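One-letter residues, chain by chain:
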Amino acid sequence: MKFRLGHLSVRQKLSFVLVASLGLALLVAGLSLVVFDLQRQARSIENDLVSQADIIGLASSAALSFADPKGAAENLRVLRANPSVLGATLYSPEGAVLATYAADDAARQPPRAIAPGAFLDKRTLLVSRPILLGTEPIGSIVVRARHNLQARALEHLGALFVIMAVSLVAALALASRLQRTVTGPLQELGEVAVRIRDGDFNLRARKRSEDELGQLVDAFNAMMDELGRRAEVLQQANEALRASEERYQLAVRGSSAGLWDWDLRANTMFYSPRLKAMLGYAPQEFPDVPSSIRRVVDESAIATLREALRGHLREGKPYLIELPVRLRSGESKWLSIAGASILDAAGKPFRMAGSVVDVTERKAVEHELRDANRAKDQFLATLAHELRNPLAPVRTGVEILRLRRDGPAADTPCRRCSASSRTWCGSSTT
């Protein structure tokens, strides 16, 4: 039933709820009235039989006292005036049958006296009453009568069905008019929602009342206004993102550096075509997975790269390292790798990106500069060593002149040496 109701409109659902609830209420009320009436009718029949039994018993007290079956039977025939009575029996004080009246041969009376009371079956009601003379029991009487409760119950149920049908039809007709005040705004709201779904985003529902339906319309219109604003902001963001992506692709195509992007949560990598070409691989030959880097970097370089990553994550600063790599052709190159990470709201990195630049030529120039600087140092050391011996006599003569300023004979050759030639000075000193 729940699945079937899901395809009905709100108005149809309200009508179904009205019919079901009203029908159930009428059914319960009608059945209660039928049961109550049947119980009341049964008590009425029982009271009538008790009265008649007491009257017959009182009239038959003399016949019971003198054990007169003929007189007792005459008294029982009075019950013929009541067509519902099927039979009656008078019993002696010992419980034996004294006289019997049977309007219907099929009506069977108890063969002996039974305990006082009323006993109801499907067709008849049996009443047993004691007969007293003063306070002394002189016998008993049992009267059986047809109650017709089944026919009465069927009559009541038929009337109940007719009343329920008329009531439901009238209620449904009245409800169909009254429901328009409830289902009308809802139906209009649903039509507006369908038209908005089809693309008319500027359409809004009309407010017809100040009750809960009016509040629903206000909430719906406010929600659509908010969705419109968010859609506009989202469109602007998408346009900005598209422009940023175009600038990024332009920078990637025009840059001499290779770019990489590592999604740490998904464990996926992006290697730009420039980077793959720099390593000597075609785009399909170098998969976008983190393990692809092992094709071009040995274990020692990977250890250096891991240490740089740990330092970056620990200090939060971008890193820059230079590593040797093996190209697909087997040639070696030096690459400068730079990168930085992006943190989430919890402060954990979830994305890392950077660039790769070929620094092989710079490394070669640096090597040549180091070789030239080493040759310069060796030349200067050799030159200093070679100049140290020829300058020793000159240094000695200068020292003698400083120490012996008063001896002209001793320092004249040295002065001449200083004025003429170092070779002569050196030989004279020697």
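Note that this is a predicted model, so its numbers are computed, not measured. (Residues numbered from 1 in each chain as written. Predicted model: local features only at pLDDT ≥ 70, side-chain atom pairs only at ≥ 80, totals over all residues. Heavy atoms only, no water.)

This part covers the sheet that holds strand β9 (residues 332-343). The strand order across the open sheet built from five strands is β7-β6-β10-β9-β8, with neighbouring strands paired in antiparallel fashion. Here the strands that pair on one side only, and so sit at the sheet edges, are β7 (268-271) and β8 (319-326). Averaged over all pairs of adjacent strands, the angle between their axes in this sheet comes to 25°, without regard to strand direction. Sheet topology places strand β6 (residues 258-263) next to strand β10 (residues 349-358); six bridges connect them, and they run antiparallel. Pairing of aspartate 261 across the sheet is with alanine 353, part of β10. This element, helix α9 (residues 299-315), spans β6, β8, β9 and β10 of the sheet and lies at about 165° to β8. (Pairing = 2+ DSSP bridges. Helix = DSSP H or I, 4+ residues; strand = E, 2+ residues; numbered from the N terminus. Axes fitted to C-alpha atoms, helices over the stretch in contact; angles between N-to-C directions. Contact = heavy atoms within 4.5 Å.)

Bringing the pairing of β10 into the picture now. Sheet analysis places β9 next to β10, joined by nine bridges and oriented antiparallel. Its bridge partner being in β10, isoleucine 337 is matched across the sheet by valine 356. Hairpin geometry of β9 and β10 is characterised by an intervening segment of five residues between the two adjacent antiparallel strands and by a positive phi of about 85° at glycine 347.

So, about unusual backbone geometry. Phi is positive for asparagine 148, which is not a glycine, with a value near 55°. Relative to the helices and strands, asparagine 148 resides in the loop between β5 (136-146) and α5 (149-178). Positioned with a positive phi, asparagine 267 is a non-glycine residue whose angle comes to about 55°. The partly exposed category is assigned to asparagine 267, whose relative accessible area is 45%. (Buried < 20%, exposed > 50% of the residue type's maximum accessible area, 1.4 Å probe, protein only.)

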